[in-house]
Structures are given as structure tokens and as C-alpha cells.
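Listed below, chain by chain, are the residues.
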Amino acid sequence: MTQDTIQEQRRSSMVAQIKNYGIKNQPLLKALMHVPRHLFVPSAQSHLAYEDTPLPIDCHQTISQPFIVAFMVDAANVHKEDTVLEIGTGSGYNAAVLSLLAREVYTIEIHAPLQKKAQALFKSLHYSNIHSKVGDGFFGWREAGPFDVIIVTAATDSIPESLLNQLKPRGRLILPFGNASHQTLIKVTKTDEGFLKEPLIPVLFVPLTRDIETHIAS
């Protein structure tokens, strides 16, 4: 049995488990089946890539467990005509999944080594609708907005107004809200009356890293 076959079988088991957890979004399940998650984790961890657990990556960051990735994307209700902004590229796995569901994906990573590695992986896997850059995700990506969906993959105890301002009408923001000891995944929807906030599930994410110099200057 080849390594590719082994990884495909592991990926199939991962997707089946996510489906058993209640994710029924067929385009999303198909995307999860298509993206080779083992290429987005450190080589020493590749045998664990399809386990339902977070894994460490470079720069003291993590790649979220597959169920959480699926849950966040499902909650965002991503459509094929959507433009998506991701805050926190990390390994690039979330962006790769999103790229198979949305029209365009813009992803920001504050750690240059992670962004460079993810960008090279996007190119090698021919994810041509992913646009990435190094930057402080707290401020979003104004030139590329507004966005139908914004997904934040690190926790913050305040919802950045800059991200809310970059949502289209009926746009959705998915964000881990809270501190190191207590976090809730929330969904914020932009309506005609304002922003509707909905708590989803308890989560535990690394904190949103800020550019200290930019933060002080602002």
C-alpha cells in the first residue's frame, strides 16, 4: 500500500468522523476530503494529521483540530460566489479548504516564516484563488474588502471594529472570543439593524498576535 493510499484512507476516516459529529455540508465534506492535511503539518507530525486533535506548528502556533475547522467554515455558510478573509493563516490548511468553497480567499499571517511557507504550499498545490500577505490581522485587508465572510483563527477579547467595517451587508464574522481561560466561538452577522451576535460552542485557541509597534503607534 502506497503512502498516498494510506493518507487517503486516513483522510476518509477523518471526514467520516466529522460527519458523525453532525457536519452535513456536502461541499465542505468534499473539500475536507480533497485537501491533503498531512502536507500542512510538520513532517514529524504527519502520521497524526488526520486525528481529531490540534497540532503544533512553527512560531508557537497550532493547526486546529479538523472538527473545529469544519465547524467554523460550516457556521460561516460559505458560498461559491463569496469573498473570504481569514485572519491567521497558520499552516494554510483553513485557507486551502476555503479556497475550494469560495470565489476568492484573502489570508493574513503576522509571522513571516509561516506566511512564506503557506504561500509556497498554495502555489505547489495550485490553489490559485488564495491571496496571502504578512500583516497584523487586527486591521483586516481593506483594499481587498468588503468581504462576505471573515474567519479569525486566534482568540481575542474584543471584536476588532476594523473587521466589522469590512463586512458586506449580511456578511458573517466567525471569531473565538475570550481570554486564555474562557473562550466562546461566536458568529456576528451584519444586518440592516446592526450586528447580530450569536454564541456557538466553547473553544480554546492561541491568542491573536498583534504587531506591537503598529499597536502602540495606533
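One can find the structure itself at the top, above this paragraph.
Below: a short report on this structure. (Residues numbered from 1 in each chain as written. Predicted model: local features only at pLDDT ≥ 70, side-chain atom pairs only at ≥ 80, totals over all residues. Heavy atoms only, no water.)

1. Here's the deal with the side chain of Lys187
Now for step 1: Mapped onto the fold, Lys187 is located in strand β8 (residues 183-191).
Now for step 2: For the buried Lys187, which has no salt bridge, the nearest side chain bearing the opposite charge is Glu198, at an N-O separation of 5.1 Å.
Now for step 3: Side-chain polar atoms of Lys187 contact the backbone oxygen of Ala75, separated by 2.9 Å.
Now for step 4: Residue contacts for Lys187: discarding those within four places in its chain leaves Ala75, Arg172, Leu173, Ile174, Leu196, Lys197, Glu198 and Leu200. (Helix = DSSP H or I, 4+ residues; strand = E, 2+ residues; numbered from the N terminus. Buried < 20%, exposed > 50% of the residue type's maximum accessible area, 1.4 Å probe, protein only. Lys, Arg positive; Asp, Glu negative; His and termini not counted. Salt bridge = Lys/Arg side-chain N within 4 Å of Asp/Glu carboxyl O. Polar contact = N/O pair within 3.5 Å; in protein donor to acceptor, adjacent residues only side chain to side chain. Contact = heavy atoms within 4.5 Å.)

2. Observations regarding helix α3 (residues 66-76)
Now for step 1: With ten of eleven residues buried, α3 lies mostly within the body of the structure.
Now for step 2: Where α3 is concerned, the buried positions are Pro66, Phe67, Ile68, Val69, Ala70, Phe71, Met72, Val73, Ala75 and Ala76.
Now for step 3: Trailing α3 by a residue or two, Asn77 shows a phi angle of about 55 degrees, which is positive.

3. Quick word on the sheet that holds strand β4 (residues 104-109)
Now for step 1: Pairing is mixed across the open sheet formed by seven strands, whose spatial order is β5-β4-β3-β6-β7-β8-β9. This sheet does not close on itself; its edge strands, each paired only once, are β5 (130-134) and β9 (194-203). This sheet shows a mean twist of 15 degrees between the axes of neighbouring strands, independent of strand direction.
Now for step 2: Summarising the sheet, β4 and β5 pair through five bridges and their orientation is parallel. When the bridges of β5 are listed, Tyr106 appears paired with His131.
Now for step 3: Sheet strands touched by α3: β6 (147-152), β7 (167-178), β8 and β9. Its angle to β9, the strand with the most contacts, is close to 160 degrees. (Pairing = 2+ DSSP bridges. Axes fitted to C-alpha atoms, helices over the stretch in contact; angles between N-to-C directions.)

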